[in-house]
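Notes for the structure review
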Amino acid sequence: MSRESFLKRVREAALRGRSYRVTQDESDRNGVDGDVTMLPGYMGHCDDLCQRMADEVNLVGGQAVVVDDHAAAVIAFVKLLKQYQPKSVFCWQHSLLDQLQITDTLLRMDIEPLNYETLKILPQLKQREMIFSAEMGVTSADFAIAETGTLAVFSGPSQERLTSLVPPVHVAIVQENQILADLYDLFARLENLKSVGLSSNLSLITGPSKTGDIDLKLTTKVHGPGNLHLIIIRDEARRGTL
Amino acid sequence: MSPIDYVRSEHHDFLDAAQVAMADQQLQLVLGEISNTLGKKNQLAWLELRQSDEVRNRARQIKDATLAHLDLHLQTLEQSINRSGGTVHYADNGKQACQMILEIIQKHGATKIVKSKSMTTEEIHLNDALQQAGISPIETDLGEYIIQLAGHRPSHIVGPSIHLTAKDVADIFSRDSGQTLSDDRNELTNYARNVLRRRFAEAEVGITGANFAIAETGSIILISNEGNIRLTTSLPKVHIAVMGMEKVIPRLSDLPYFLKILPRAATGQKLSVYTSIVNGPRKEDELDGPDEFHLIVLDNGRSEILAGPLRESLFCIRCGACLNVCPIYRNVGGHAYGGVYSGPIGAVLTPLYDGLQKNEHLPQASSLCGACQAACPVKIAIPEMLLKLREKLHDEPHQSNVMEKTAYRLWAFMLRRPWLYRLSTWFATRIVGRWKKKSPWINRLPGKLSGWTESRDFPAPAENSFRDWWQQQETER
């Protein structure tokens with residue numbers, strides 16, 4: 001069987017190759033887990049996670065605002081709807097978005113909301129047609145990373161991959177308590193989540209889609225969204241103190 | 001040969017191609033830009049990341065330790081992928097890998113294939129194999145799409161089409177579409193976006209590479225900036241990932257070290273725009289994601305490299321940083337190297353995959369300056385490996401240069417006879433040195449030796465030999 005001969009060949013090669021090792025085997029070498037702030041490369045030290053998140057998102061070409069409460073978040077969201085005037089919006093179904101009553105807001109403004117519930121009953125071809133004509137995608141995030149201005153989105157029914165990918169504008173709304181300081185913090189969380197099973201797709205999104213392939217100059221909106229908006233809602237305890 | 005030929009061919013004479021490249025003004029401008037921007041960003045990135053040296057050491061250790069038990073990690077990877085509903089295929093060589101991929105495609109009766117950028121699929125010449133079976137895969141990475149239309153080979157690991165200007169791209173797109181497009185980057189990108197979106201929507205199979213695989217969780221890691229990889233892994237029913245077997249790392253907790261260094265080394269970004277961790281096909285109720293996931297694990301000569309002194313080259317995570325800082329690449333560009341991989345790592349890999357004798361110039365086209373090693377996120381000792389290849393070249397039976405052999409024989413003859421050595425230096429200093437008194441440099445050596453002085457001067461012999469000077473010093477005491 002070719003699988004057996006393949007692995008046998010690799011086993012023998014790995015054995016012979018051990019005499020050409022270039023580092024010591026440190027059996028106590030830790031992966032990224034536990035107290036990550038002490039690990040080399042940790043860049044998460046900061047006073048204001050919300051502001052750092054916003055700054056980093058802006059640096060990579062996204063547009064972020066920090067607001068004090070849910071009411072302010074809805075106002076910011078409505079502002080974006082008025083700016084882009086989408087006819088249909090593809091949304092996640094997520095507890096934060098429910099609390100903000102995103103679907104109601106869309107309906108009140110005569111915008112068609114698309115989500116898992118409305119789409120799952122349609123044949124796939126029709127689903128795709130509607131998703132591809134949506135002009136805006138709205139998500140929250142499972143986590144956000146302040147160090148790099150990154151959104152970590154895990155796929156699942158009601159948290160579609162295409163929401164943050166197909167429509168030309170992506171709006172994400174997160175709560176301060178979802179923001180982690182550094183990439184290492186995310187992986188420390190994943191160590192815990194691993195045992196329950198990871199979702200089929202975890203994507204880290206850092207800014208709008210871009211390329212340097214033409215003339216080595218930056219161009220945005222290649223295949224993913226050309227505009228990434230992030231609304232960050234401060235936690236209650238920190239409001240008004242910064 | 002016109003420049004275009006080197007741009008299209010995988011096998012050609014390096015020295016010829018290098019000459020053509022160095023005379024190409026447009027190419028020289030682009031290569032300078034790469035070096036000044038991306039090369040600079042790599043250096044700044046190592047300063048910006050706290051304790052970057054230690055992070056790189058950890059990544060290096062992980063690679064080293066993993067390779068020592070690669071078969072075990074591959075088996076763990078296979079089990080994990082099976083658990084999440086995917087399938088693993090082991091391909092001994094490129095031909096087998098292409099066959100396996102073709103079988104999967106034909107099993108589904110699929111004809112519409114989208115691909116995202118993968119150097120491994122270039123290595124196995126997948127597009128050719130599919131085309132021979134009547135299937136035309138569409139490249140979706142903007143740079144790859146451009147060169148697919150142009151019929152060119154990639155000239156850089158990360159930006160395959162950078163040898164072309166915006167105007168070139170406009171011409172290529174205009175010819176293909178029948179429209180006339182301007183050389184505005186945004187217009188060109190938008191055109192490609194729209195054309196490729198239609199392809200994505202109808203695609204039945206998506207083929208990607210894989211930057212890493214995590215044995216513990218059966219995850220495939222895909223790093224990109226454009227979004228085409230995410231579309232390739234979300235829309236088509238079938239996702240096939242092709243991966244060199246050295247890409248596997250043991251645990252999820254090993255990955256973040258690599259994520260901190262790869263994008264910084266390649267383009268100076270803290271993270272690429274899209275980093276995806278793919279765990280098998282979609283779960284039951286999901287609206288998007290593939291129904292089937294296949295991973296092709298490729299050997300294609302890697303086990304031979306694993307067993308030998310050039311094992312360290314398997315640490316390579318294909319970031320392209322070495323290209324951006326290499327003075328050779330800076331002058332000749334990617335096409336001159338031939339093969340699939342260019343730059344310093346290409347000078348090591350191409351002789352290994354494609355034959356050392358056939359690519360004898362590559363290990364020799366280096367000043368061993370070490371910029372590549374300094375730029376490499378996992379600190380691969382490329383200069384050392386180039387030296388090892390040079391040794392191998394010399395040891396292997398080959399066409400010897402009769403003149404060179406004779407010259408070395410005469411030299412050895414002279415060195416074994418001190419009286420003859422003294423006579424030679426006397427001649428060199430008293431006769432040649434004094435005759436050439438005017439300048440300390442000879443700018444043209446005679447006859448066959450003139451090749452040496454084509455682009456540099458040769459030092460003229462001194463008027464007095466060192467021994468004379470020493471004698472003088474001793475008597476003056």
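Source: prediction; values computed, not measured.

1. Quick notes on helix H2 (residues 49–59) of chain A
Residues and elements named next belong to chain A. For H2, the complete set of buried residues consists of Cys50, Arg52, Met53, Ala54, Glu56 and Val57. Against the buried residues of H2 lie strand E1 (63–67), strand E5 (143–145), strand E6 (150–154), strand E8 (179–180) and strand E12 (227–233). Capping the start of H2 is the job of one residue whose side-chain oxygen sits 3.2 Å from the backbone nitrogen of Cys50: Asp48. In the stretch just after H2, Gly61 is the one whose phi turns positive, near 100°.

2. Some remarks on the pattern of salt bridges
Scanning the model with the defined rule gives 36 salt bridges over all chains in all. Salt-bridge contacts for Arg161 of chain A lead to Glu286 of chain B; the nearest nitrogen and oxygen are separated by 2.8 Å. Of this pair, Arg161 of chain A sits in the loop between E6 and strand E7 (169–175) while Glu286 of chain B sits in the loop between strand E9 (274–278) and strand E10 (292–298), placing the two residues on different chains. In this structure Glu286 of chain B comes out as buried when scored by relative accessible area, which is 4%. Arg251 of chain B is the partner of Asp254 of chain B in a salt bridge, and the nearest nitrogen-oxygen pair spans 3.2 Å. According to the relative accessible area criterion, Asp254 of chain B is buried, its value standing at 0%. The exposure class assigned to Arg251 of chain B is partly exposed, which follows from its relative accessible area of 30%. Salt bridges sharing common partners tie together Glu147 and Asp182 of chain A together with Glu48, Lys260 and Arg264 of chain B.

3. Things to note about a nonpolar patch on the surface
Residues Trp419, Leu423, Trp426, Phe427 and Ile431 of chain B make up a contiguous nonpolar surface patch of about 570 Å² in total accessible area. Examined against the element boundaries, Trp419 of chain B turns out to sit in helix H22 (residues 418–435).

4. With respect to the layout of surface pockets
Residue and element names in this part refer to chain B. Reported here for the largest pocket is a volume of approximately 1900 Å³. In terms of lining, the largest pocket is formed by 38 residues, of which the most central are Asn401, Glu404, Tyr408, Leu449 and Trp452. At the level of secondary structure, the elements contributing two or more residues to the lining of the largest pocket comprise helix H2 (14–23), helix H18 (361–364), helix H20 (382–395), helix H21 (402–415) and H22. Counting residues per element, the lining of the largest pocket draws most heavily on H21, at 7 residues. Split into classes, the residues belonging to the lining of the largest pocket amount to 17 nonpolar, 13 polar and 8 charged.

5. So, the side chain of Glu160 of chain A
Tracing the chain through its elements places Glu160 of chain A in the loop between E6 and E7. An unpaired buried charge is present at Glu160 of chain A: no salt bridge exists, and Arg161 of chain A, the closest side chain of opposite charge, is 8.1 Å distant. A distance of 3.0 Å separates the side chain of Glu160 of chain A from the backbone nitrogen of Ser158 of chain A, its partner in a polar contact. Once residues lying within four places of it in the same chain are set aside, the contact partners of Glu160 of chain A are Phe90, Cys91, Trp92 and Tyr116 of chain A together with Leu287 and Asp288 of chain B.

6. Digging into unusual backbone geometry
The backbone of Lys221 of chain A sits at a positive phi, close to 60°, despite the residue not being glycine. For Lys221 of chain A, the position within the fold is in the loop between strand E11 (219–220) and E12.

7. Considering the sheet that holds E12 of chain A
Residues and elements named next belong to chain A. Taken in spatial order, the 6 strands line up as E1-E12-E7-E4-E2-E3 in an open sheet, and their pairing is parallel. Of all strands in the sheet, those with a lone pairing partner are E1 and strand E3 (112–114), marking the two edges. On average, adjacent strands in this sheet sit at an angle of 20° to one another, irrespective of strand direction. The pairing of strand E2 (residues 88–91) with E3 spans 3 bridges and is parallel. Counterpart to Val89 in the pairing with E3 is Pro113. On top of the sheet, H2 reaches E1 and E12; it is set at about 165° to E1, its chief contact. Helix-sheet contacts for helix H3 (residues 70–84) involve E1, E2, strand E4 (136–139), E7 and E12, and the interaxial angle to E12 is about 165°.

8. A word on the packing of helix H17 (residues 343–354) of chain B against H20 of chain B
Residue and element names in this part refer to chain B. The geometry of H17 relative to H20 is characterised by a closest axis approach of 9 Å and an angle of 35° between their N-to-C directions. For H17 against H20, the interelement crossing comes out left-handed. Residue-level contacts link Pro344, Ile345, Ala347, Val348, Pro351 and Leu352 of H17 to Ile382, Met385, Leu386 and Leu389 of H20. Per-class residue counts for the contact of H17 with H20 are 10 nonpolar, no polar and no charged.

9. Description of the confidence of the model for chain B
On average, residues of chain B carry a pLDDT of 92, and 97% of them reach 70 or more. Scoring of the predicted complex yields 0.91 for pTM and 0.95 for ipTM.

10. Comments concerning empty space enclosed by the protein
Residues and elements named next belong to chain B. Scanning the model with the defined rule gives 6 cavities of 30 Å³ or more in all. Forming the walls of the largest cavity are 17 residues, and the residues nearest its centre are Cys326, Pro344, Ser366, Cys372 and Leu386. Elements supplying a minimum of two residues to the lining of the largest cavity: helix H16 (327–332), H17 and H20. Of the residues contributing to the lining of the largest cavity, the split by class is 13 nonpolar, 4 polar and no charged. As a volume, the second largest cavity reaches approximately 100 Å³. Lining the second largest cavity are 15 residues; nearest its centre among them are Cys316, Cys319, Cys322, Cys376 and Ile380. Taken together, the residues that form the lining of the second largest cavity break down as 13 nonpolar, 1 polar and 1 charged.

Reading the values: the criteria
- Residues numbered from 1 in each chain as written.
- Chains lettered and ligands numbered in written order.
- Predicted model: local features only at pLDDT ≥ 70, side-chain atom pairs only at ≥ 80, totals over all residues.
- Heavy atoms only, no water.
- Buried < 20%, exposed > 50% of the residue type's maximum accessible area, 1.4 Å probe, protein only.
- Helix = DSSP H or I, 4+ residues; strand = E, 2+ residues; numbered from the N terminus.
- Contact = heavy atoms within 4.5 Å.
- Polar contact = N/O pair within 3.5 Å; in protein donor to acceptor, adjacent residues only side chain to side chain.
- Salt bridge = Lys/Arg side-chain N within 4 Å of Asp/Glu carboxyl O.
- Patch = residues over 30% accessible without salt bridge, like charges linked within 9 Å, V, L, I, M, F, W, Y side chains within 5 Å.
- Areas by Shrake-Rupley, 256 points an atom, 1.4 Å probe, with all protein chains shown as cover.
- 1 Å grid on protein atoms, 1.4 Å probe; cavity = no way out; pocket = protein on both sides within 12 Å on 5 of 7 lines; lining within 4 Å.
- Points joined across faces, edges and corners; volume = space filled by probe spheres on them.
- Nonpolar A, V, L, I, M, F, W, Y, C, P; charged D, E, K, R; others polar.
- Lys, Arg positive; Asp, Glu negative; His and termini not counted.
- Pairing = 2+ DSSP bridges.
- Axes fitted to C-alpha atoms, helices over the stretch in contact; angles between N-to-C directions.
- Left-handed = near helix turned anticlockwise from the far one by under 90°.
- pLDDT = per-residue confidence, 0-100.

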